[in-house]
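# An overview of the molecular structure
Now for the letters of each chain:
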Amino acid sequence: MSKFTWRDDYRIGYDLVDGQHEHLFKLANKVFDAKDKHALKHCVQELFRYVRKHFRDEERLMSQLNYPDYDHHVQLHNEIELRLSKIDAEFKTDQFSITALQILMNDWLLDHILGADKLIGSWARKQQ
Ligand SMILES: [Fe+2]
């Protein structure tokens, strides 16, 4: 299984968000390292719970910053949450595909953090 490796240049410049992103990489790796179904279930739930908490915290930050692309960014979060819910439902009916989760984590952990989330940091720096 591929590993998610955190790098300092993934930071957007806000400690709360950066710390949570780094923790999400750890939780994602735990999912892919899970040894049995019981462990997998626990790790997936832990990851999903944390993703949702993280989105709310990130949305709070964007709103405090008066981030102009707030609505679009929240929409991206909602889309990811929909995909998480779908995977969660499949998990409950034993149709879980680790590949679907891996694709989502690649799309989100890498593309979203490196794309949309980084824009929050660069926009905020320009305002200073
Ligand atoms: Fe985000």
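All of these numbers come straight from a predicted model, not from anything done at the bench.

### As for the overall build of the protein
Scanning the protein from N- to C-terminus turns up four helices and zero strands. Relative to its length of 128 residues, the protein is compact, with a C-alpha radius of gyration of 15 Å against a globular reference of 14 Å. In terms of overall dimensions, the protein has a C-alpha envelope of 50 × 25 × 20 Å along the principal axes. Burial analysis of the protein (128 residues in total) assigns 41% to the buried set. Across the protein, the fraction of contacts at a sequence separation of at least 24, relative to all contacts at a separation of at least 6, is 71%. If you sum the accessible surface of the protein, you get close to 7,300 Å²; carbon and sulfur atoms cover 52% of it. Distance from the positive charge centre (19 side chains) to the negative charge centre (21 side chains) of the protein: 4 Å.

### Notes on the environment of Arg52
For Arg52, the position within the fold is in helix α2 (residues 37-64). For Arg52 and Leu65, which are 13 residues apart along the polypeptide, the C-alpha to C-alpha distance reads 20 Å. Apart from residues lying up to four places away in sequence, Arg52 is in contact with Glu81, Leu84 and Ser85.

How each quantity is defined
Residues numbered from 1 in each chain as written. Predicted model: local features only at pLDDT ≥ 70, side-chain atom pairs only at ≥ 80, totals over all residues. Heavy atoms only, no water. Helix = DSSP H or I, 4+ residues; strand = E, 2+ residues; numbered from the N terminus. Rg over C-alpha atoms; globule rule 2.2 N^0.38 Å. Buried < 20%, exposed > 50% of the residue type's maximum accessible area, 1.4 Å probe, protein only. Contact = heavy atoms within 4.5 Å. Areas by Shrake-Rupley, 256 points an atom, 1.4 Å probe, with all protein chains shown as cover. Lys, Arg positive; Asp, Glu negative; His and termini not counted. Charge placed at Lys NZ, Arg CZ, Asp CG, Glu CD.

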